[in-house]
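Observations on the model geometry
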Amino acid sequence: MVGELEFEKPIIELRKKIIELREFTKTADVDFTAEIEKLEVRLEKLEKDIYNHLKPWDRVQIARHPNRPTTLDYIDFLFEDFFECHGDRVFGDDEAIVAGVANFQGLPVTVIGHQRGKDTKENIRRNFGMPHPEGYRKALRLMKQAEKFKRPIICFIDTKGAYPGKAAEERGQSEAIARNLFEMAGLKVPVISIVIGEGGSGGALALGVGNYIHMLENSTYSVISPEGAAAILWKDASQAKRAAESMRITAPDLKELGIVDEIIPEVKGGAQKDVKQQASEIEAVLKGSLKKLLQLNESELISGRYEKYRKIGDFSFSEEVIGVN
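Quick caveat, the model's predicted, so the values are computed rather than measured.

Moving on, we come to the overall build of the protein. Within the protein, the secondary structure is distributed over 15 helices and 8 strands. On C-alpha atoms alone, the protein measures out to a radius of gyration of 22 Å, which is about the 20 Å that the 2.2 N^0.38 rule sets for 325 residues. Considering only C-alpha atoms, the protein reaches an extent of 75 × 65 × 45 Å along its principal axes. Residue burial in the protein is summarised as follows: out of 325 residues, 47% are buried. Put simply, 71% of the contacts in the protein that link residues at least 6 apart link residues at least 24 apart. Looking at the protein as shown, the accessible area adds up to about 16,900 Å², and 53% of this sits on carbon and sulfur atoms.

Written out as structure tokens, the structure reads:
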């Protein structure tokens, strides 16, 4: 089955049995209603056991699900009159990032997000959601425009990382990301970033310097992929599952560490199960965050953003850990 996840196989098998019994009951003289009811109770319990106790690697799989909603999917449900803007005014347009202006419940906003494809053809066109430097320059152009017209900025993060190819490096990939980090820190309008899938490395950070960083329940946010970390730590990319458990890249971990502000609940089984319902969960969080940020002046927005990032990574070692006797 396309999009079938390893940890969901027991659920899928049980659902198949229920469907088969229902079909058999329609054509045979034997009534399996009682057996079907028992299986449905068992299915409900199994779903709770699995979905309420997801492991880090399970969440990685959900975040990478081929049918997981993209930035454009959420734009359709959350915003009105979206007008997409193209190009960085330097080199060209990068379809791995979509950016434009829209209305959110009557409020003019600027919307920017990574965009991957839904099939092979679209993935190639959008470079699998891995932006080139012109994508980040396009994003920054729209951010500065939003600042000029005093529009809040809403960013959707969903990328494995910035494109690491030779052409991207020749056109200034690292500088483009660094410039975004620098400029976003000083923007005079509210900035809200939401991790909706994979948030990988500097490619994600380039849209992630916000007053609020929110994260869908089954998304990931990390400096490197579990496969990349495993290859570095143990010289074996197949140890990705082990790395995912050690890296603390899931929403609950990052909330505990103070990196994200709020975890947005997901539809049972992942956002791909019901995009409309998932969009309504995001809408509620967006509405609350904008209400708070719109009450702040420019100085408060900038200082609040500064303090947020100053607090990240504030920890201490015990004497036992650092080897002090």
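Still more to cover.
Attention now moves to the packing of aromatic side chains. Per the stated rule, a full pass over the model turns up 4 aromatic pairs. Taking the centre distance of 5.8 Å and the plane angle of 55 degrees together, the rings of Phe79 and Phe104 count as tilted. Taken together, the positions of Phe79 in the loop between α4 (71-78) and β1 (80-85) and Phe104 in strand β2 (residues 97-104) put the pair 25 residues apart, joining distant regions of the chain. Grouping residues by exposure puts Phe79 and Phe104 together as buried. Here the aromatic residues Tyr74, Phe79, Phe104 and Phe156 are joined through ring pairs into a cluster of three or more. Over the ring of Trp234 we find Arg242, and its NZ or CZ is 3.8 Å from the ring centre. The cationic tip of Lys308 hangs over the ring face of Tyr309; the distance from NZ or CZ to the ring centre is 5.9 Å.

To continue, consider the confidence of the model for the protein. Model confidence for the protein is summarised by a mean pLDDT of 91, while 95% of its residues fall at 70 or above. When the criterion is pLDDT under 50, residues 320-325 qualifies, and its contacts beyond four places in sequence or with other chains add up to 2 contacts.

The tendency in soluble globular proteins is for nonpolar side chains to be buried as a group. By size, the foremost hydrophobic cluster in this structure holds 31 residues, and its most contacted members are Ile112, Met143, Ile153 and Tyr221. Top element by residues in this core is helix α6 (residues 133-148). It accounts for 6 residues. When residues no more than four places from it in sequence are discounted, the contact partners of Tyr221 are Ile157, Val195, Gly199, Ala204, Leu205, Gly208, Ile213, Met215, Ile249, Leu254 and Ile259.

Going through the model one piece at a time under the given rule, you end up with 0 disulfides. The thiol of Cys85 is unpaired, and the distance to the nearest cysteine sulfur, on Cys155, comes to 14 Å.

Let's shift gears to the environment of Lys118. The residue Lys118 is located in the loop between β3 (107-114) and α5 (120-125) in this model. Accessibility expressed as a relative area gives 41% for Lys118, which makes it partly exposed. Separated by 48 residues in sequence, Lys118 and Thr70 place their C-alpha atoms 8.6 Å apart. With residues near it in sequence (within four places) discarded, Lys118 still touches Pro66, Arg68, Thr70 and Asp73. Side chain to side chain, Lys118 and Asp73 meet in a polar contact 2.9 Å long.

Here the focus is the packing of helix α10 (residues 226-234) against helix α11 (residues 240-247). As a packed pair, α10 and α11 sit with axes 8 Å apart at the nearest point and diverge in direction by 100 degrees. On the basis of their axis angle, the class for α10 and α11 is roughly perpendicular. Here Pro226, Glu227, Ala229, Ala230 and Trp234 of α10 come into contact with α11, specifically with Ala240, Arg242, Ala243, Ala244, Ser246 and Met247. Tallied by class, residues from the contact of α10 with α11 come to 8 nonpolar, 1 polar and 2 charged.

Walk down a regular strand and you will see the side chains alternate between the two sheet faces. Extensive coverage of strand β4 (residues 153-159) is indicated by the burial of 7 of its 7 residues. The two faces of β4 match: Ile153, Cys155, Ile157 and Thr159 on one face and Ile154, Phe156 and Asp158 on the other face are all buried. Relative to β4, β3 is paired through 4 bridges, and the arrangement is parallel. Residue pairing across strands places Ile112 opposite Cys155, the latter belonging to β4. One ladder, built from 6 bridges, connects β4 with strand β5 (residues 191-200); its direction is parallel. Paired with Ile154 across the bridge in β5 is Ile192.

Another aspect to go through is the environment of Gly208. Along the polypeptide, Gly208 turns up in the loop between α9 (201-205) and β6 (212-216). Gly208 sits 79 residues away from Lys287 along the chain, and the two C-alpha atoms are 19 Å apart. Beyond its immediate stretch of four places on either side in the chain, Gly208 contacts Ile157, Met184, Ser193, Ile213, Tyr221 and Tyr309.

Cut-offs applied
Residues numbered from 1 in each chain as written. Predicted model: local features only at pLDDT ≥ 70, side-chain atom pairs only at ≥ 80, totals over all residues. Heavy atoms only, no water. Helix = DSSP H or I, 4+ residues; strand = E, 2+ residues; numbered from the N terminus. Rg over C-alpha atoms; globule rule 2.2 N^0.38 Å. Buried < 20%, exposed > 50% of the residue type's maximum accessible area, 1.4 Å probe, protein only. Contact = heavy atoms within 4.5 Å. Areas by Shrake-Rupley, 256 points an atom, 1.4 Å probe, with all protein chains shown as cover. Phe/Tyr/Trp six-rings, centres within 6.5 Å; stacked < 30°, edge-to-face > 60°. Lys NZ or Arg CZ within 6 Å of the ring centre and 35° of its normal. pLDDT = per-residue confidence, 0-100. Core = buried A, V, L, I, M, F, W, Y, C linked by side-chain atoms within 4.5 Å. Disulfide = S-S within 2.5 Å. Polar contact = N/O pair within 3.5 Å; in protein donor to acceptor, adjacent residues only side chain to side chain. Axes fitted to C-alpha atoms, helices over the stretch in contact; angles between N-to-C directions. Parallel < 35°, antiparallel > 145°, perpendicular 65-115°, else oblique. Nonpolar A, V, L, I, M, F, W, Y, C, P; charged D, E, K, R; others polar. Pairing = 2+ DSSP bridges.

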